[in-house]
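# Reading the structure
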Amino acid sequence: VVYRIIYEFDVTDKIKINAELPDAYNVYINGMDYSGNRRDFNMIATINTKTHKIVLTTMPRDYYIYVPAYDLNDSLTALGAVDSEISKEALEQLFGIKIDFTLNLYTESLVKLVDTIGGLEFCSKNSYYTTHETTIGSYEDEGEKVYVSKGCKTYNGSEILAIARERLRIQKDIKREDNDRQITINIIKKIANVDTLMNYNSLLNSLDGLYTSNINKSVITNLIQQAIEHP
């Protein structure tokens, strides 16, 4: 078979980037599952640069809400099959707020981030084995599970992912949201360590390709400065 090039052209995709940082703003943080079609994690981080406080609001993936883009109701997890802006608009409608930025994460993002910062502490009121295995990308759950001990312990990236995915052992989705909030808070605290912040460029570079966002680098720089000046 012989192929002949008839015409070549370049495609440019214009992405709107938010560059300004208001006194208070909302970031929609969402996490996709292995399939890339289900949005398992949904959180709104409300950040106030004046009071230097962050409020985290999480929604279960099966939350059934009105979706303005389609004029019908659907679950947040099912909206993983479409652009995250659809979910963002639905949450804006639900809470009556404006969401300024969007951060789209993938399962590998959490694993790489936790390993890059040297592991993460997680505290549990109960001892249990996770129902999910530590193998990344597997739904079989026949491999090695994570033993979550009562109290506080440091876990690696794949272990934290298994803990973050857990929703069958205790209180199901409610407990999953509690665990995910704790994981998010602990990540923020560890990244806020001055040594980590001073190397945040290398940290972001290590996560290249593992997330997408409309947050401008100037906004990230401002957040880093805020964290250094107001730990």
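First, a word on what this report is: a plain description of the structure on this page. Model, not experiment: these values are computed from the prediction.

A few words now on the pattern of salt bridges. Summed over all chains, the structure comprises seven salt bridges. Among the ionic pairs, Asp 33 bridges to Arg 38, the shortest N-O distance being 2.9 Å. Take Asp 33: its relative accessible area is 6%, and that puts it in the buried class. Residue Arg 38 is classed as partly exposed on the basis of its relative accessible area, which comes to 36%. Note that Lys 98 is salt-bridged to Asp 100, the shortest N-O span being 3.8 Å. Each of Asp 40, Arg 61 and Asp 62 takes part in salt bridges that share partners, so that together they form one network.

In protein structure, a disulfide is the covalent linkage between the sulfur atoms of two cysteines. Counted by the stated rule, this structure contains one disulfide. Paired by a disulfide, Cys 123 and Cys 152 hold their sulfur atoms 2.0 Å apart. Between Cys 123 and Cys 152, the S-S dihedral sits near 110 degrees, and the bridge is therefore right-handed. Here Cys 123 is found in strand β7 (residues 120-124), whereas its partner Cys 152 is found in strand β10 (residues 151-155), with 29 residues between them in sequence. Assessed through its relative accessible area of 28%, Cys 123 is described here as partly exposed.

Moving on, we come to the packing of aromatic side chains. Following the criterion strictly, the structure yields two aromatic pairs and no others. Both rings, one in Tyr 25 and one in Phe 101, keep their centres 5.4 Å apart while their planes meet at 90 degrees; by these two values the pair is edge-to-face. Here Tyr 25, found in strand β1 (residues 24-32), pairs with Phe 101, found in strand β6 (residues 101-105); they are 76 residues apart in sequence, far enough to count as distant. Given the relative accessible area of 1%, Tyr 25 is considered buried. Its relative accessible area of 1% is what places Phe 101 among the buried residues. Look at Tyr 129 and Tyr 147: their rings are 4.9 Å apart centre to centre, the planes differ by 55 degrees, and that puts the pair in the tilted class. Linking Tyr 129 in strand β8 (residues 128-133) with Tyr 147 in strand β9 (residues 145-148), this pair joins segments that are 18 residues apart in sequence. Given a relative accessible area of 49%, Tyr 129 falls into the partly exposed group. In this structure Tyr 147 comes out as partly exposed when scored by relative accessible area, which is 38%.

Successive side chains on a regular strand alternate, one facing one side of the sheet and the next facing the other. In terms of burial, strand β2 (residues 39-48) is a largely internal element, eight of the 10 residues being buried. Bridge count for β1 against β2 is nine bridges, and the pairing is antiparallel. Within the sheet, the bridge partner assigned to Tyr 28 lies in β2 and is Ile 44. The hairpin formed by β1 and β2 contains six residues between the paired strands, and Gly 36 there has a positive phi angle of roughly 80 degrees. Bridging between β2 and strand β3 (residues 53-58) involves six bridges; their strand directions are antiparallel. Pairing of Thr 46 across the sheet is with Val 55, part of β3. Joining the antiparallel neighbours β2 and β3 is a turn of four residues, in which His 52 adopts a positive phi near 60 degrees.

What follows concerns the side chain of Asp 180. Mapped onto the fold, Asp 180 is located in helix α4 (residues 172-191). Lacking a salt bridge, the buried Asp 180 has Arg 176 as its closest oppositely charged neighbour, with an N-O distance of 5.0 Å. Beyond its immediate stretch of four places on either side in the chain, Asp 180 contacts Phe 41, Met 43 and Ala 164.

What counts and what doesn't
- Each chain carries its own residue numbering, running from 1 in the written order of its sequence.
- Residues qualify for local features only when their pLDDT is at least 70, as the model is predicted, and side-chain atom pairs are given and counted only at 80 or more; totals for whole chains, interfaces and linings, by contrast, use all residues.
- Excluding hydrogens and water, the side-chain values take into account all heavy atoms of the structure.
- By definition here, a salt bridge exists when the distance from a side-chain nitrogen of Lys or Arg to a carboxyl oxygen of Asp or Glu is within 4 Å.
- Each residue gets one of three labels from its accessible area relative to the maximum for its type: buried under 20%, exposed over 50%, partly exposed in between, using a 1.4 Å probe on protein chains only.
- Any cysteine sulfur atom paired with another within 2.5 Å is treated as part of a disulfide.
- Under the DSSP-based scheme used, a helix requires at least four consecutive residues in state H or I and a strand at least two consecutive residues in state E, with every element numbered from the N terminus.
- Stacked, tilted and edge-to-face are the three classes assigned to paired rings of Phe, Tyr and Trp, where Trp is represented by its six-membered ring and a pair needs centres within 6.5 Å; plane angles under 30 degrees give stacked, over 60 edge-to-face, the rest tilted.
- At least two bridges found by DSSP between two strands are what make those strands a pair.
- By the counting rule applied here, Lys and Arg register as positive and Asp and Glu as negative, while His and the ends of each chain are not counted.
- Residue contacts are defined here by distance: any two heavy atoms, one from each residue, within 4.5 Å place the two residues in contact.

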